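Listed here are the chains, written in short residue letters.
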Amino acid sequence: MPFTVFVTRHLTPDAEEKLNAFCIAEYWPEKTPPPYQVLLEKTQKVDGLISMLTDPIDKKIIEGAKNLKVISQVAVGVDNIDLKAAKARKIPVGHTPDLLTDATADLAFALILGAARRLGEAIDYARDGQWQTWSLTNLLGADVHGRTLGIIGMGRIGQAVARRAAGFEMKILYYNRSRVSEIETELGASYVSLDELLKSADIISLHVPLNKESKGLIGAEQFKLMKEDAILVNTARGEVVDTDALMTALKSNQIGYAALDVTDPEPLPNTHELYQLPNVIITPHIGSATRTTRSAMAILAVDNLIAGLENQPLPKAVVSSES
Ligand code: DGY
């Protein structure tokens, strides 16, 4: 009997071709995620699951999926999956690190530049017919080159952002669970406490995974420490930042600007007050959204899945079958 697999959204054509040649795959046909009840029912019977970061793969789903041999997530972050439950059942979990590092770092840098130079406002200004002449004092932004960048989370993506910042002659401060000596030697980055970083950085970029420690890491107390023209950039996970505290900080000019590719809640409803603020840029979680990166992520997810079904080590695992 061929293996059966549930895929919670369509993949890229080449990834689907590879998957279909190996097993019987059912793809959730909608643009929005399958409702929880559908996810629960579909996973009960299949041998493999390909999930997206929007699917809550919780204990109930994992325990109910009696035939499940592998979970393969099309993302690097796996905070939507109960890894403890997967480990307990010895179900390997794959993800797609590395190949999205540069695309995500590029977007973080685009947001840094976009916020500092007020690109959202400037584009609207031109489009709305307000551009009547050149002006010495209109739409003035902040310099990026030569400023101080504070990177919270110096993993693969944090390091890639730091390398880009070096090209802009920025001073780099970072806060991480442990020191990353290569980046200190290579770029002269300085390891500092979180409070020190928040006080000293002109631009703060978040690159931590979402977990118990990082949830709400940036809240009211942290905004108080930031410079009044500080720019906060989040391409990690929305829940790392307390949204209400961010609203207050932006409205009271406690900080200068925020650029968010991820939000809490996500998606952020278009009625949310954050969209009304002039000093915010919001993009819809597109950090890794380049054609080549998304295509490579889909292929790697299929490779992880196939390896799991064949009882082989996954090319990229967060949980291996031995753990
Ligand atoms: C991830 O991979 O975790 C990103 O958030 C989406 O690419």
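Structure: see above.
If you're wondering where the values come from, they're calculated on a predicted model, not measured in any experiment.

1. Regarding the site of the ligand
Alright, step 1. Near the ligand the following residues occur: Leu53, Ala75, Val76, Gly77, Leu100, Arg237, His285, Ser288 and Met297.
Alright, step 2. At 2.7 Å, a backbone N or O of Val76 approaches an oxygen atom of the ligand.
Alright, step 3. At 2.7 Å, a side-chain N or O of His285 approaches an oxygen atom of the ligand.
Alright, step 4. Computed on the free molecule, the ligand has an accessible area of 230 Å², of which 90% lies beneath the protein chains in the complex.
Alright, step 5. Split by residue class, the shell around the ligand holds five nonpolar, three polar and one charged.

2. Some words on the nonpolar core
Alright, step 1. Membership of the largest hydrophobic core comes to 51 residues, with the highest contact counts inside it found for Leu11, Leu19 and Ile50.
Alright, step 2. Both domain 1 (4–99 + 291–319) and domain 2 (101–282) contribute no fewer than three residues apiece to this core.
Alright, step 3. Sequence-distant contacts of Leu19, defined by excluding residues within four places in its chain, comprise Val7, Leu11, Ala25, Tyr27, Ile50, Val302 and Leu305.
Alright, step 4. Counting 32 residues, the second largest nonpolar core, distinct from the first, contains Ile152, Ala249, Ile255 and Val280.

3. Focus: helix α7 (residues 156–167)
Alright, step 1. Its twelve residues place the ends of α7 17 Å apart at the C-alpha level, agreeing with the 16 Å of an ideal helix rising 1.5 Å per residue.
Alright, step 2. Among the residues making up α7, those that are buried are Ile157, Gly158, Gln159, Ala160, Val161, Ala162 and Ala165.
Alright, step 3. On its buried face, α7 is in contact with α5 (101–116), β6 (148–152), β7 (171–175) and α8 (181–187).
Alright, step 4. Positive phi appears at Glu169, one or two residues downstream of α7, with a value of about 55 degrees.

4. Observations regarding the sheet that holds strand β11 (residues 257–260)
Alright, step 1. The seven strands lie next to each other as β8-β7-β6-β9-β10-β11-β12, forming an open sheet whose pairing is parallel. Only two strands of the sheet have a single neighbouring strand rather than two, namely β8 (190–191) and β12 (280–282).
Alright, step 2. With respect to the sheet, helix α11 (residues 243–251) is in contact with β10 (231–234), β11 and β12, its orientation differing from that of β11 by roughly 140 degrees.

The rules behind the values
- Residues numbered from 1 in each chain as written.
- Predicted model: local features only at pLDDT ≥ 70, side-chain atom pairs only at ≥ 80, totals over all residues.
- Heavy atoms only, no water.
- Near = heavy atom within 4 Å.
- Polar contact = N/O pair within 3.5 Å; in protein donor to acceptor, adjacent residues only side chain to side chain.
- Areas by Shrake-Rupley, 256 points an atom, 1.4 Å probe, with all protein chains shown as cover.
- Nonpolar A, V, L, I, M, F, W, Y, C, P; charged D, E, K, R; others polar.
- Core = buried A, V, L, I, M, F, W, Y, C linked by side-chain atoms within 4.5 Å.
- Buried < 20%, exposed > 50% of the residue type's maximum accessible area, 1.4 Å probe, protein only.
- Domains from an automatic or database assignment.
- Contact = heavy atoms within 4.5 Å.
- Helix = DSSP H or I, 4+ residues; strand = E, 2+ residues; numbered from the N terminus.
- Expected span 1.5 Å × (residues − 1).
- Pairing = 2+ DSSP bridges.
- Axes fitted to C-alpha atoms, helices over the stretch in contact; angles between N-to-C directions.

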